[in-house]
Every structure is written in C-alpha cells, then in structure tokens.
Amino acid sequence: MPPSLIAEQLLNGLQLGLMLFLLAAGLTLVFGIMDTINLAHGSLYMIGAYIAASVIEASGSFLLGIAAAIAGTALVGVALEMALLRRLYRRSHLSQVLATFAVILIANEIVRMIWGSQPILLNMPPALSGPVELLGLRYPAYRLVVIGVGLATAVLLYLLVARTRAGMWVRAGASDREMAEVMGVDTRRLFTLVFAIGAALAAVAGALLGPLLAVQVGMGENVLILAFVVITIGGIGSIRGALLASLLVGLVDTAGRAFLPYLFRQMFPAVIAAEAGPAVASMLIYVLMAAVLYFRPTGLFPARG
Amino acid sequence: MRDTLYIPLRPWPTLGVVAALALLPLAAATLGQPFYVVFATRVLIYALIATSLNLLIGYGGMVSFGHAAFVGAGAYAVAMLMPAGVASAWLLWPAALLAGAGFAFLVGAVSLRTRGVYFIMITLAFAQMAYYLVLSLRVLGSDDGLTLSNRPSLGLVDLNRDTTFYYAALAILLAALAGMRVLLNAPLGRALQGIRDNETRMEAIGFATYRLKLLVFVIAGAAAGLGGGLLVSLNGLVGPNLLNWTQSGLLMIMVILGGAGRLLGGALGAVLLLVVEEAIAEHTIHWPLVIGVVLLAVVLFAPQGLSGLMRRRA
Amino acid sequence: MTMLRVGGLQKHFGGVLAVDDVDLELAEGELHAVIGPNGAGKTTLIHLLSGALKADAGVIVLDGRDVTRLAMHRRVRLGLARSYQITSVFPNITVLENLALAVQGASGRDDRDRARTELGAVGLGARADDLAGALAHGERRRLELGLALATGARLLLLDEPMAGMGPEEAARIVDLLSALKRKRTILLVEHDMDAVFRLADRITTLVDGRVIASGAPEEIRRHPEVRRAYLGEEAPQ
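Just so you know, these numbers come straight off a predicted model, no measurement behind them.

Whenever I open this one, the interface of chain B and chain A confuses me. Can you help?
Many structure descriptions define interface size as the accessible area lost when the parts assemble. The partner chain A presents 45 residues to the 41 residues of chain B that form the contact. Between chain B and chain A, a total of about 3900 Å² is buried, with carbon and sulfur atoms accounting for 80% of that surface. Among the residues of chain B in contact with chain A, Y118, M121 and W245 of chain B are the three that bury the most area, contributing 18% of the side total. One can count zero salt bridges joining chain B with chain A. At the surface where chain B touches chain A, the tally comes to six residue pairs in polar contact (both at pLDDT 80 or more). Within the residue set of the side of chain B that touches chain A, elements represented by two or more residues are α5 (116-136), α10 (245-258) and α12 (287-301) of chain B.

Looking at this structure, I do not really get the domain arrangement of chain C. What am I missing?
Residues and elements named next belong to chain C. Considered domain by domain, chain C is made up of domain 1 (2-79 + 153-234) and domain 2 (89-152). With centres defined by C-alpha atoms, the gap from domain 1 to domain 2 works out at 24 Å. At the junction of the two partners, domain 1 supplies 19 residues and domain 2 supplies 18 residues. Interface area lost by domain 1 to domain 2 is led by R77, A153 and L176, which between them contribute 31%. Run the count over domain 1 and domain 2 and you get one salt bridge. A salt bridge links R142 to E169; the shortest N-O distance between them is 3.5 Å. Counting only elements with at least two residues in the side of domain 1 that touches domain 2, the list comes to α2 (72-77), β7 (155-159) and α6 (167-180). For the side of domain 1 that touches domain 2, the element with the most residues is α6, which contributes six residues. The residue inventory of the side of domain 1 that touches domain 2, partitioned by class, reads 11 nonpolar, one polar and seven charged.

Help me understand the side chain of R112 of chain C, please; the structure alone is not making it clear to me.
Relative to the elements of secondary structure, R112 of chain C occurs in helix α4 (residues 112-121). Residue R112 of chain C is classed as buried on the basis of its relative accessible area, which comes to 15%. Here R112 of chain C is in contact with M1, D3 and R190 of chain B together with L96, E97 and A100 of chain C, once residues within four sequence places are set aside.

What exactly am I supposed to notice about the sheet that holds strand β4 (residues 57-62) of chain C here?
Sheet strands associate in pairs through backbone hydrogen bonding, adopting either a parallel or an antiparallel arrangement. Residues and elements named next belong to chain C. One open sheet holds the four strands; their spatial order is β2-β1-β4-β5, and the pairing between them is antiparallel. The two strands at the open ends of the sheet, each matched to only one other strand, are β2 (16-27) and β5 (65-66). Against the sheet, helix α1 (residues 42-50) engages β1 (2-13), β2 and β4, with an angle of about 115 degrees to β1.

What am I meant to see in the packing of helix α3 (residues 67-81) of chain B against helix α9 (residues 209-235) of chain B here?
A pair of packed helices can be characterised by two numbers: the angle between their axes and the separation between those axes. Residues and elements named next belong to chain B. Between α3 and α9, whose axes approach to 6 Å, the crossing angle comes to 50 degrees. If you check the angle between α3 and α9, you find them oblique. For the pair α3 and α9, the crossing hand works out as right-handed. In this structure, α3 uses H67, F70, V71, G74, A75, V78 and A79 to contact α9, whose residues at the interface are F217, A220, G221, A224, G225, G228, G229, L231, V232 and S233. Looking at side-chain class alone, the contact of α3 with α9 contains 10 nonpolar, seven polar and no charged residues.

Is there a simple way to explain the sheet that holds strand β6 (residues 80-82) of chain C in this structure?
All names here are of chain C. Pairing is mixed across the open sheet formed by six strands, whose spatial order is β6-β7-β8-β3-β9-β10. The open sheet is flanked by β6 and β10 (210-215), the only strands paired with a single partner. On average, each strand axis in the sheet is tilted by 15 degrees relative to the strand beside it, whichever way the strands run. The sheet contact formed by strand β9 (residues 202-207) and β10 spans five bridges and is antiparallel. Note that in β10 the partner of I203 across the bridge is G215.

Just checking my understanding: could you explain the pattern of salt bridges for this structure?
Pairing between side chains becomes possible if they bear opposite charge and their charged atoms approach one another. Residue and element names in this part refer to chain C. According to the stated counting rule, one finds 24 salt bridges over all chains in the structure shown. When the shortest N-O distance is used, the salt bridge between R210 and D20 registers 3.8 Å. Of this pair, R210 sits in strand β10 while D20 sits in strand β2, placing them 190 residues apart in sequence. Take R210: its relative accessible area is 48%, and that puts it in the partly exposed class. Looking at D20, the relative accessible area reads 15%, which means it is buried.

Looking at this structure, I do not really get the interface of chain C and chain B. What am I missing?
Tallying the contact residues gives 30 residues for chain C and 22 residues for chain B. Carbon and sulfur atoms supply 57% of the area that chain C and chain B bury against each other, a total of about 2100 Å² over both sides. As a salt-bridge pair, R201 of chain B and E144 of chain C come within 2.3 Å of each other at their nearest N and O atoms. For the interface between chain C and chain B, the tally reads seven residue pairs in polar contact (both at pLDDT 80 or more). Mapped by element, the contributors of at least two residues to the side of chain C that touches chain B are α2, α3 (95-107), α4 and α5 (137-150) of chain C. In terms of residue class, the side of chain C that touches chain B is made up of 13 nonpolar, eight polar and nine charged.

What should I look at first to understand the environment of G220 of chain A in this one?
Residues and elements named next belong to chain A. Examined against the element boundaries, G220 turns out to sit in helix α9 (residues 219-234). A sequence separation of 18 residues divides G220 from A202, and the C-alpha atoms of the two residues are 9.8 Å apart. Apart from the residues within four sequence positions on either side, G220 is in contact with G42, Y45 and M46.

What should I look at first to understand helix α4 (residues 89-111) of chain B in this one?
Owing to its 3.6 residues per turn, the α-helix aligns residues three or four sequence positions apart on the same side. All names here are of chain B. Between its first and last C-alpha atoms α4 spans 32 Å; for 23 residues at 1.5 Å apiece the expected length is 33 Å, and the two agree. Buried residues of α4: A89, L92, W93, A95, A96, G100, A101, A104, V107, G108, V110 and S111, and no others. At the N-terminal boundary of α4, the capping side chain belongs to S88, with an oxygen 3.0 Å from the backbone nitrogen of W90.

Cut-offs and rules
- Residues numbered from 1 in each chain as written.
- Chains lettered and ligands numbered in written order.
- Predicted model: local features only at pLDDT ≥ 70, side-chain atom pairs only at ≥ 80, totals over all residues.
- Heavy atoms only, no water.
- Contact = heavy atoms within 4.5 Å.
- Buried area = accessible area lost by both parts, 1.4 Å probe.
- Salt bridge = Lys/Arg side-chain N within 4 Å of Asp/Glu carboxyl O.
- Polar contact = N/O pair within 3.5 Å; in protein donor to acceptor, adjacent residues only side chain to side chain.
- Helix = DSSP H or I, 4+ residues; strand = E, 2+ residues; numbered from the N terminus.
- Domains from an automatic or database assignment.
- Nonpolar A, V, L, I, M, F, W, Y, C, P; charged D, E, K, R; others polar.
- Buried < 20%, exposed > 50% of the residue type's maximum accessible area, 1.4 Å probe, protein only.
- Pairing = 2+ DSSP bridges.
- Axes fitted to C-alpha atoms, helices over the stretch in contact; angles between N-to-C directions.
- Parallel < 35°, antiparallel > 145°, perpendicular 65-115°, else oblique.
- Left-handed = near helix turned anticlockwise from the far one by under 90°.
- Expected span 1.5 Å × (residues − 1).

Structure follows, in structure tokens:
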C-alpha cells in the first residue's frame, strides 16, 4: 500500500475526528454539567448546515454563511434550553432521551417544511475547490481548511475551559454541581451559556461538512450516534476524553474503511473478504466502544468519581 | 396482608377486551375494510415487542436503547431459514425466539456490567453493530433486505389468510401477557423490581443481581425476536431499517406512552402510537411532527403514560 | 470458634491508604466495636468485608472459608450481611415486603412468616403493612437493621445503626443489640461511645486506616494513644 494513500487516510481520519470533537464537546459538557442526555444535538448540527446553505446561496459568501450558522444555531440552542431542556435537568435519563427524541422528530419536520425533502448540494468556496501539494501529497484544499478550523476551534475551546473563569465554573460544575453552586456560580445562566456554545460548535461542524456531505433532513442522526460513541468512550463529561476519543474514533473508522478490506483480501478467500471487509469496517467503532466499556465501564476518562 | 407489587387479574374487563379483539376481523369484514385486519395484526405484534421492552424498562430499570436489534435478529432468522426450505411456523417462530434470546444473551452479558447512561449507550452501540452488519452483508440483502414469497405454514391452519394470522398473533400476545403477569407475581418479579429500585441494596441482601438481570434481558430479547419473526412472516419482507436506532427509539416511545412499569403499558402504547400514526399519516406527510409534540407533552405533563392517566381518573 | 479473621487488609483510593494493613479477629458470638474519628476508614472496612469494594491486598476468612474474592451476594449467602450508614430501604413497598425481600435474597424463598418474625424482632410489627417510605427516621433505621437481620446472617456488619437518632430511639437500638448479643456475631461501627462501651466485648480503634489499639473496653478506655487520638474528654469515666 503506497505511503501517500496511508497519509491521505490519516488526514481524512483527523478531519473526521476533529468534526466529531466539535459535536462531542457540546454533548459532553451538557452531560457533564447538567447530567442531561440531549439527543437533539444532532438537530442543531442539521440546523447549522441548513442556515449556512441558505445564507451562502443568497449571499455568495461562505464566511457569512458560517457566521450566520453559528449565530442562528446558538439562538435556537438558547431557545431550546430555556423552553425545554431546563425542565429536564432533574428528570430521569429516560425522560431526557424521549423528550429530546421528540425534538428530533419535530425539528426534522420543521426543516422539511421550510427547505423541502430534497438534499441541498452545497458548493465549496471556489478558491478552495482544488487540491494542494503537501509534502508531495495532493490533498483537497477544502478538507485541509476543515482540519485547520477544527484544530483552531479545539484549541480555543480547550483554552476557554482550562484558562478562563467561565471555564473554571464549567469544570467545577462538571465534577461537582453543588460545589459550584456553593462557589456562587449562577448555574442557570451557566447552563444556558454552555448550551449555546455547544450549539454553536455543532453549527460549525454542520456548516463545514455541508459541502462534503449532502445537507438533508436526518443528517444529524448518524453523526449524533457517532458523537455519543465518542463521549461514551472518552468518559462522559470530560473534554479531554472527548478530544482523545474523537481522534481515536475518527482514525479507527477511516482506517478501518480504507484498510480493512485490503487486509482481509490478504488473509481470506476473495468471496469472504468482499463480504466481511466492509461489514467489519462499518462495525469497528461500535466494537471499540463495547470493548472500552467492557474493560472500563465508565469510559477512558471518567469526569465524576 | 397488603401486597403492593401483586398484579391482579380482573376477569370481566379482560374478557371484554379479549372478546372485542376476537370480533375485530368480523367487524372489519362487515365494514368492508379487510385491510384493517393486517394493520391490526401489525399492532398486535408491536404490542408484543413493546411489552417485552416494558419488562426491561418499566420493571427492570434497564433502559435498553437497542431493542430493535433483537427484533431484527428474529426477523432475519426467519427470512434466512425460509428460503433454505424451512416452512413450518412451528420451527420458524421458535427459531426467531432463539435468535432474539441468543443475541440478547451476548449483548446483555457485556452491557449489564455497566449502569445508567453507559448502559443506554452500550445497548445502542450493539444495536448499531447489528444494523451495519445486515446493511453490509449481501447474504442478508444489504440495503434491499430480504423478501419471502410465502407466509409460514402452521399445520392445518392457513396463515396466508389474514384473519387466521391475526388470531395466531392475538393468541401469542395474550400468552405473552399472561406469562409476564405470572413472572412478575413470582419471586423473580419481586426481585426484578427490587433491583430496579435499589440494585446495590439487593446485592447486599443476597441477590445475584447481574444474573437475574441477564435472565430477564434474555427473556425480553426472546419475545422481541419472536415479534420480529412474526413481523417478517406477516409482511413477507425485512430490511435493515427494522434495526435502525430510531426504531429502538419508537419502541421506547410506545412504552412511555402506554405507561412504563404497568402490565399493559407496552401494548397500550403500541396501539396508541400506531393508530395515531395511521390516522394522521392519511392527512399529512408531516405526521412525525404530531407524534413529536404528543410525545413531548406526555414526557412533560404525564410521565406515567396513558395507563397512569387512566389510573388517576379511576 | 473464630467467625471472622481478617489479615493484612489494604485498600487505597488514588494515593490515599484508606485501610492500611488491618488485622482483625471476631470470635463467634462476640460483639466487636470499631471506633475511630471521621475518615478513619471504618466504612471502607465494612465495604471491604461485605464485598462492596475489592481489597487491594489481604485476606478475609469467614467461618474458615476464604471469601476475599467473592461477590457481595455470595458472602450474604454464606452468612455475612451488612447495614448502611445512610438508610437504604425500599420505600415503595411495605415494611413486611422489605423484610420478605431480604429473606428471599438470602434463602431464595419468599417466606412471609419468617419475615414477620424478623419484623417483630426490630419492633415494627405494628407497621407491617405501611409503606417503608412512610416511616419516621428512627423506624427506618430499625428497618435498615431488620434487612440485615432478615438475611439470617450469623455475622452482621452494622454501620452506625444509631446515626441521627435521639436518645430515646438510640436506647431502643441498644436494647435491640443487647438482645442480639450471643445469638449473632456483630461488628459494630458506631460514634455513640456510651452505647459502644456498654455493648462491646472488645473494641478496635482505627486511625488513618490503621489499627492503633484493640482489646477489652477497659483497656481501650485507658489506652493513652486512643485517648490522645480520638476519645479525648469524651471517654466515659
């Protein structure tokens, strides 16, 4: 197997991992601080993608599209938190799963009413549509930008959580909510803020991935499950765990799909390899998650004791 | 002596409901709507599946987010065996049951080591594994799934007649509900509900909680597998969508709508959801919106579900 | 006859040694109290003995049988049961059903008659058909104790059975434990020193996870290190 192919797949894995991190960060913070499962996180990702698509189409500016997606989705997130999530914090996980599942059904239909059922094909900015040379490797420029933005956002978020006062509250809240309240943190406002940030991050991922995947109803669901796999592996509530698990899942999934069929062809008869290769590749991250939970029932970096 | 967990059998209402269900095909024929018999059969099968999930969620506190996988195991078992020459429902349906039970044993053995939200997530992960497995295996028909040319045969009874199939499904559902009532009234049922309420304390008074939970998980998986086998027998086709995680979500919705932890909760929820869906789907393509709003209202304002509401008024 | 023998028991959380090389021996029928300041490792010791936590090192021998690696429920079936410092009963079922569950857990049979006997033993006979959630604090503490008793365990590990009780309720527990003495072997963790010195055959003092003294109540009362580390002026003269 040529090294350039391996390098390309590694970059693809990194890109998937970073995008997963943008989604997982919001999810894991909401879970860590509010002890709440939010299935509707995938819907925020979808809404971000749709807003970006509409604004880019209307204005022709990709940057404007992303900015609008961030602002619009954060607003939707705040509205969702104040209208619904707030009522669910002290309820059982089962109630949270069902209520936010209901939000998925509602959000999908509202999007369908506004934008229709046809997938929207979003063009990438013309300046970035070609490949670039990178250490002798030709790689799509747009994907490289996605990696760059993903990295920058991840670093920004890390600094925000690790270095700022708001971040300190977040960490305090994640490990011990009562302690945070004793410290005088206005948890109500903190929750809304965290939710808005999570929504904005999801929108960034949705907008960036728009040109690579089709923008369509239901796009949030598969990616939501992946993000859940990530935060479960990482240890729910842990940003560090989410980052590492994102990269792990991104790399394992991409490498599995790229190399497993190849590997299986070397090991098994062609008939079996053709069947088993793709099958195992698509199950790989779930196997990974089950294995992690088998040995560490609370994930790699549990945030609470 | 007061017995808080005992589920009584109320003979007259039970007889009334069973009689009404038994007469339903006749009514459909009289109204000239034979299509409703097939629809009602589907509702009965989902009632069985949702009941099995209610055993896990409502009585065992095991919030499984992957129940559709067991339904799929049973459905694909039947869909694989029929083309291989097995035609008798006496073999096919037990095979579906075993497929559900076997897969539930594997999933449960690993998943039940975890608790709380991790349990929700790991059951989801296993269901996703199963989903992608059938999606990518060509022997299982990949995207398109598998179709059957015939319904299984049940000895002298002809399942190709919709009415006969309806009665077979009804008999199975009633047997399952009766079996569940016996199980819940038995010491095992009390232990299960004790585990739901306080697992650590149950261990501290001598219960092998892991083993008990696994046993019940396998029983529920078996019933779900049988439900899957019945579904594919009825429809003559099965696709990977039957295993999709949204299916698991819909099954959970049925349980909550009907009332988790009530004997008839799963069945009521299945009837409610499928009937409402059928009724709205005629009028708007946006019917999931209505389901979503109803579900939201139930979770926020009537967490005990339909049977909770009925109980409160009674 | 030795009911319980513990050797070199150790448990740490992160860098902290919560239980540090503890040896302990309880003769059959003995009431053995474990005292010590908060954070001394008393509750951790009960967690280790009951099987709620796995020991890092050491052995636990119950009635001649090594139970160090056995799960909690297996130890219960061998005759070792515990109570909790924070009441942990089943609030949504009746008091009698609570005890029946404990009988069932240890014996496998739903035996209401035996449950009723245990109910009388903890003085809750009049509340048999009330929901456990409706009990007053003192009654809940007695039910908590009753759950451990109803397993039929020969060795009871009681974690502060008098926690949060007024003097009247505490006296009832002392009476109850006196009645149990000799019939069952008891390891009692308790802060109420009056009760401890009245009831115990022997006392072990734990400080920072280590046994600093162990012996008859009179020895412990006079033990200089115990007085300094823990009893202070509280010690009944």
